[in-house]
Amino acid sequence: MAAKPMLHYFNGRGRMEPIRWLLAAAGVEFEETFIDTPEDFEKLKNDGSLMFQQVPMVEIDGMKLVQSRAILNYIAAKHNLYGKRHQGREIDMYIEGVADLNEMILLLPVSPPAEKDAKITLIKDRTTNRYLPAFEKVLKSHGQDYLVGNRLSRADIHLVELLYLVEELDASLLTNFPLLKALKARISNLPTVKKFLQPGGARRKPPVDEKSVEKSRKIFKF
């Protein structure tokens, strides 16, 4: 029996969270080794586990994979979440759009306090006037349950993760996007995702708070 993937990161969302979502949606059980101290991080770097001296790092199928996109690409390809061959470009386009907005939200907790209000205003504007309208239009254009080829792909999973983040920021931002809300409900009710969203075990990490930001600053010295 193959070993479960081992995820190396701090005990928080960050750049590991999309990886957790994708593994969970694929029905893959995983384990986590948390980086709790600067010494934990130095040990990983010193033993040669981190090619670029960065995390996330995932031990899977005898490899130590780094770089978030490379990890996600491997998982998606292995578990048939990358669509048919000719659909890969379309899926890539959608996940890059998701990543643009996700990055803005990801960096918000570490932004200087004086800049946060302006950044939140910008995120809300981009959410309702650029990104969500584009994805709503895709779903409306073909009338199918999923973004590409009427089958579940990593694009759906990453988008629904983003919708949860948007909802945490301001639930009203989803009001005018009924097809996206329906997609969120559909994906959330898949047995593998539903299990991931429930408390206990390998599950979605809680929202970032000041305590977790300060801890990560001390570990990674940024």
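Since the structure is predicted, the reported quantities are computational estimates derived from the model, not experimental observations. (Residues numbered from 1 in each chain as written. Predicted model: local features only at pLDDT ≥ 70, side-chain atom pairs only at ≥ 80, totals over all residues. Heavy atoms only, no water.)

## Section: the UniProt feature "domain: GST N-terminal" (unreviewed entry) in the chain
- This chain's UniProt record puts "domain: GST N-terminal" (unreviewed entry) on residues 3-83.
- Split by type, residues 3-83 is 36% helix and 20% strand. Its first and last C-alpha atoms lie 26 Å apart. (UniProt positions renumbered as here; feature names shortened; annotations may be inferred. Helix = DSSP H or I, 4+ residues; strand = E, 2+ residues; numbered from the N terminus.)

## Notes on a nonpolar patch on the surface
- Together, Leu107, Val110 and Phe222 give the surface a local cluster of nonpolar side chains, amounting to about 250 Å² of exposed area.
- Here Leu107 is to be found in helix H4 (residues 88-107).
- In this structure Leu107 comes out as partly exposed when scored by relative accessible area, which is 39%. (Patch = residues over 30% accessible without salt bridge, like charges linked within 9 Å, V, L, I, M, F, W, Y side chains within 5 Å. Areas by Shrake-Rupley, 256 points an atom, 1.4 Å probe, with all protein chains shown as cover. Salt bridge = Lys/Arg side-chain N within 4 Å of Asp/Glu carboxyl O. Buried < 20%, exposed > 50% of the residue type's maximum accessible area, 1.4 Å probe, protein only.)

## What about the sheet that holds strand S2 (residues 31-34)?
- Strand order across the open sheet formed by 4 strands is S2-S1-S3-S4, with mixed pairing between neighbours. Single-partner strands in this sheet number two, and they are S2 and strand S4 (63-66). Ignoring which end each strand starts from, the neighbouring axes of this sheet average 20° apart.
- Relative to strand S3 (residues 57-60), strand S1 (residues 6-9) is paired through 3 bridges, and the arrangement is antiparallel. Bridge pairing in S3 places His8 opposite Met57. (Pairing = 2+ DSSP bridges. Axes fitted to C-alpha atoms, helices over the stretch in contact; angles between N-to-C directions.)

## Some words on the environment of Ile157
- Structurally, Ile157 is set in helix H6 (residues 154-169).
- Remark: the alpha-carbon pair of Ile157 and Ile95, spanning 62 residues in sequence, is separated by 9.4 Å.
- Excluding residues that lie within four positions of it along the chain, Ile157 makes contacts with Trp21, Leu22, Ala25, Leu81 and Leu152. (Contact = heavy atoms within 4.5 Å.)

## Examining the pattern of salt bridges
- All told, the structure shown has 16 salt bridges when counted by the stated rule.
- As a salt-bridge pair, Glu29 and Lys4 come within 3.1 Å of each other at their nearest N and O atoms. In this pair, Glu29 sits in the loop between helix H1 (17-25) and S2 while Lys4 sits in the segment before S1, placing the two residues 25 residues apart along the sequence.
- Bridged by salt links that share partners, the residues Glu17, Arg20, Glu32 and Lys205 form one connected network.

## With respect to the nonpolar core
- Counting 63 residues, the largest nonpolar core has Ile19, Leu147, Leu159 and Leu180 as its most contacted members.
- A total of 9 residues in this core trace back to one element, the largest contributor, which is H6.
- Once you skip the residues sitting within four places of it in the chain, Ile19 turns out to touch Pro56, Val58, Ile71, Leu72 and Ile75. (Core = buried A, V, L, I, M, F, W, Y, C linked by side-chain atoms within 4.5 Å.)

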